Number of protein chains: 2
Amino acid sequence: MLRQLPPASVHAIFADPPYNLQLKGSLHRPDNSLVDAVDDEWDRFTDFAAYDAFTREWLSECRRVLRRDGTIWVIGAYHNVFRLGTQLQDLGFWVLNDVIWRKANPMPNFRGRRFTNAHETLIWAARGPESRHRFNYQAMKSLNDDVQMRSDWYIPLCTGHERLRGEDGRKLHPTQKPEALLQRVILSCTAPGDVILDPFLGSGTTAAVARKLGRHFIGIERETVYATAAHQRAMSITPLSEEAVAVAPSKKEQPRLPFGTLVENGMVPPGTALTDRQRRWRAIVGADGSLTCGRARGSIHKVGSEVQEAPSCNGWVFWHVELPGGALRVLDSYRAEVLAAAK
Amino acid sequence: MLRQLPPASVHAIFADPPYNLQLKGSLHRPDNSLVDAVDDEWDRFTDFAAYDAFTREWLSECRRVLRRDGTIWVIGAYHNVFRLGTQLQDLGFWVLNDVIWRKANPMPNFRGRRFTNAHETLIWAARGPESRHRFNYQAMKSLNDDVQMRSDWYIPLCTGHERLRGEDGRKLHPTQKPEALLQRVILSCTAPGDVILDPFLGSGTTAAVARKLGRHFIGIERETVYATAAHQRAMSITPLSEEAVAVAPSKKEQPRLPFGTLVENGMVPPGTALTDRQRRWRAIVGADGSLTCGRARGSIHKVGSEVQEAPSCNGWVFWHVELPGGALRVLDSYRAEVLAAAK
DNA sequence: TGGGAGTATGAATCTCCGG
DNA sequence: GCCGGAGATTCATACTCCC
């Protein structure tokens, strides 16, 4: 199915591939005799090799269909996630983060032989090291009480009403992912109208959340019973309103306003003296929007960095106008005023 | 050095290999200060193949020197941990858990292009699938206020007085690990008297904590300056008493902040003597957060009830620390202090 | 001595657009 | 594809300094 998709056609991929189950089973033969795996390196190599080959095949196709600015998410546990990560890197993907889904309510360890396996790992990767990927930084920050979103996410398992069940009342799919997890994934790296691909759709959480958030989706699923349920599930979703699904705009996405415009329209007339917050330097605004401070001359940013001897400087927040009475007003507030009026 | 060790001779291995960070250029904070990056020669590899070959070589030797019932811990980040995990599996190790070190105070992401990289990953593996490994289940449970220890650990970075510094006052080693991390690792899978190997000793945290907890250790370090400092550091450690380092069986109770956390972070260090308000009993704090008072051993609550021959006891308000000068401070006030600071 | 303000720093794969 | 310039971007903790 993946091979039928055109190259560079999807904005984001979420993949929840099968775990390496044959490896778990390889400990015992059908007659329950124990396989001496330690001395049987060839056999165990072929097990991993089969999983690696499978992984490599679908990941290669994913890379082909991914846009150059697109990103991929892959989820796994310690049985398979190291194989996934290694293959991602070997295929040229560029890992951006590994993200930990900390389960609020994991299954306990019944035998008391290990730590409670209370998390799964997601790998987030760009198509390559030069890719300019989308990351909705402000949206993620807003979601987290206005501090940067960390790489560890605390989210409950999918239970209760959200869990799809068959007619017999039993869970339809063994590893249905919670919608909260997919919502954060999709909000972090896509925009409304983007196309999201899930090559292992399963119970259809990716499709449901994509539709809810106004993203397009492509889902691939081999098992008919899952595919049918996922399709029904996605179609039953009512998409949210446009304003509800928009991502918080970053400053970079706001329209550019050259400083010269403020000079031209008289908000900061030529000849105005600018100073920094501590009033250490004083610069004069030129009619062309340039700044002069001693021998330093150029844009508000360039002069700011030169006087401070700093590698860079955002002149909008560095320079201030001294108002009558002596109070300081930062340049950025003039810009905000103009941008607000333009709406 | 590893090749000189006899086979099947160590009970546990902790390995903190170079991460292969692949940093390019420099990074400035928003305040224009320069981030002190890990650019040391020992972290430079030409490509993944070179890193994999290096990894395979030292891991093979580790497997040879590890006892059949021994386990290995390997720590890494997304740059290298997938390579580590894959090589571990390919060499026949049997992964028991991947454990997440959630950093209380990670470095932020300054450019807003990714999630804050707020964790590192430890892989815990047995020598093979048939190994009968040691896991001190009750000790880990005690440390976590009598609920199973999960696979995500919340521990602060190594800063302040714990951080080794050179004569110039700068950090001696770029990646010194916190003692609280090693303490949990060592308590989870070894017994007093066991031999612990660290093939990348660095600043010597493994050696220091092993000695403190009454375990033997072997450390290997290539850089003379690190090796010298690590040796001095380990030798300056006073081992805890036998009863403080023994691993305990226990059960019961569950406040929100485990007493073990106060032990780990040094507010109530192992070996501390606790007493009740009337100073009728005296109990010693174990490194796993258990308490010993005569033959009574277990959580602060259990020991409190046993010595009083009472059906139950809230250890938080029963036990006190005797301060220099003789005043008593109730345990609950330490908990309150931590909880208040966490707000 | 205590508190407030300011500064330093931690395993970091850390920009984007237009000419 | 290269280059120059605009301008966006930080959290928790510990320590220093000064009043």
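Predicted model, so just to flag it, every value in this text is computed and none were measured.

(A) Expanded view of the protein's contact with DNA strand C. Residues and elements named next belong to chain B. In the neighbourhood of DNA strand C, 40 residues make up the surrounding shell, with Gln-22, Arg-29, Tyr-78, Arg-111 and Lys-171 lying closest. Here, DNA strand C places atoms within 4 Å of the protein, and 43% of those atoms are sugar or phosphate. Pro-106 places a main-chain nitrogen or oxygen 3.0 Å from a base nitrogen of DNA strand C. Between DNA strand C and the protein, one listed contact pairs a phosphate oxygen with a side-chain N or O atom of Arg-163 at 3.0 Å. Counted by class, the surface near DNA strand C contains 19 nonpolar, eight polar and 13 charged residues.

(B) Quick look at the packing of aromatic side chains. Summed over all chains, the structure comprises 30 aromatic pairs over all chains. Residues Phe115(A) and Trp124(B) carry aromatic rings whose centres are separated by 5.5 Å and whose planes lie at 65° to one another, so their mutual orientation is edge-to-face. Placement of the pair is Phe115(A) in the loop between β3 (94-103) and β4 (119-126) and Trp124(B) in strand β4 (residues 119-126), with the two residues belonging to separate chains. Pair check on accessibility: Phe115(A) and Trp124(B) agree, each one buried. A ring pair is formed by Trp124(B) and Phe135(B), whose centres lie 5.5 Å apart and whose planes are at 50°; its orientation type is tilted. Here Trp124(B), found in strand β4, pairs with Phe135(B), found in the loop between β4 and α3 (137-143); they are 11 residues apart in sequence, far enough to count as distant. Among the residues examined, Phe135(B) registers a relative accessible area of 7% and is labelled buried. Taken together, the aromatic side chains of Trp73(A), Trp124(A), Phe135(A), Tyr137(A), Trp153(A) and Phe115(B) make up a single cluster linked through ring pairs. Over the aromatic face of Trp101(B) sits the side chain of Lys103(B), whose NZ or CZ is 5.2 Å from the ring centroid. Across from the ring centre of Trp316(B), 4.3 Å away, lies the NZ or CZ of Arg335(B), which sits over that ring.

(C) Highlighting the sheet that holds strand β1 (residues 10-15) of chain A. Residues and elements named next belong to chain A. Spatially, β5-β3-β4-β2-β1-β6-β7 is the arrangement adopted by the seven strands of the open sheet, whose pairing is mixed. Each having just a single partner strand, β5 (152-155) and β7 (216-219) make up the two edges of the open sheet. Direction aside, the axes of adjacent strands within the sheet are offset by 20° on average. Two strands pair when backbone bridges link them, and β1 and strand β6 (residues 195-198) are joined in this way by two bridges, in the parallel orientation. The residue of β6 that forms the bridge with Ala-12 is Ile-196. Here helix α3 (residues 81-90) sits on the sheet in contact with β2 (66-76), β3 and β4, set at roughly 165° to β2.

(D) Up close: the interface of chain B and chain A. The interface of chain B with chain A comprises 58 residues on the first partner and 55 residues on the second. When the two sides are added together, the surface that chain B and chain A hide from each other amounts to roughly 5100 Å², 51% of it contributed by carbon and sulfur. Put simply, chain B and chain A have four salt bridges between them. Close ionic contact of Arg83(B) with Asp90(A) constitutes a salt bridge, the shortest N to O distance being 2.9 Å. Summed over the shared surface of chain B and chain A, the number is 35 residue pairs in polar contact (both at pLDDT 80 or more). Sorting the residues of the side of chain B that touches chain A by element identifies α1 (48-65), α2 (81-90), β3 (94-103), β4, α3 and β5 (152-155) of chain B as the ones contributing at least two each. No other element matches β3(B), which puts nine residues into the side of chain B that touches chain A.

(E) Inspection of the protein's contact with DNA strand D at higher detail. All names here are of chain A. By nearness alone, 27 residues border DNA strand D, and Tyr-137, Lys-141, Gln-148, His-301 and Arg-335 come closest of all. The contact in question runs from a phosphate oxygen of DNA strand D to an N or O atom on the backbone of Gln-148, over 3.0 Å. Within the side chain of His-301, one N or O atom sits 2.5 Å away from a phosphate oxygen of DNA strand D. The dominant element in the surface near DNA strand D, judged by the number of residues it contributes, is helix α4 (residues 137-143), at three residues. Residue composition of the surface near DNA strand D, grouped by class: nine nonpolar, 11 polar and seven charged.

(F) Examining the pattern of salt bridges more closely. Applying the stated rule across the entire model yields 38 salt bridges over all chains. With a shortest N-O distance of 3.8 Å, Glu223(A) and Arg222(A) are connected by a salt bridge. Through salt bridges with shared partners, one network takes in Asp52(A), Arg83(A) and Asp90(B).

About the thresholds
- Residues numbered from 1 in each chain as written.
- Chains lettered and ligands numbered in written order.
- Predicted model: local features only at pLDDT ≥ 70, side-chain atom pairs only at ≥ 80, totals over all residues.
- Heavy atoms only, no water.
- Near = heavy atom within 4 Å.
- Polar contact = N/O pair within 3.5 Å; in protein donor to acceptor, adjacent residues only side chain to side chain.
- Nonpolar A, V, L, I, M, F, W, Y, C, P; charged D, E, K, R; others polar.
- Phe/Tyr/Trp six-rings, centres within 6.5 Å; stacked < 30°, edge-to-face > 60°.
- Helix = DSSP H or I, 4+ residues; strand = E, 2+ residues; numbered from the N terminus.
- Buried < 20%, exposed > 50% of the residue type's maximum accessible area, 1.4 Å probe, protein only.
- Lys NZ or Arg CZ within 6 Å of the ring centre and 35° of its normal.
- Pairing = 2+ DSSP bridges.
- Axes fitted to C-alpha atoms, helices over the stretch in contact; angles between N-to-C directions.
- Contact = heavy atoms within 4.5 Å.
- Buried area = accessible area lost by both parts, 1.4 Å probe.
- Salt bridge = Lys/Arg side-chain N within 4 Å of Asp/Glu carboxyl O.

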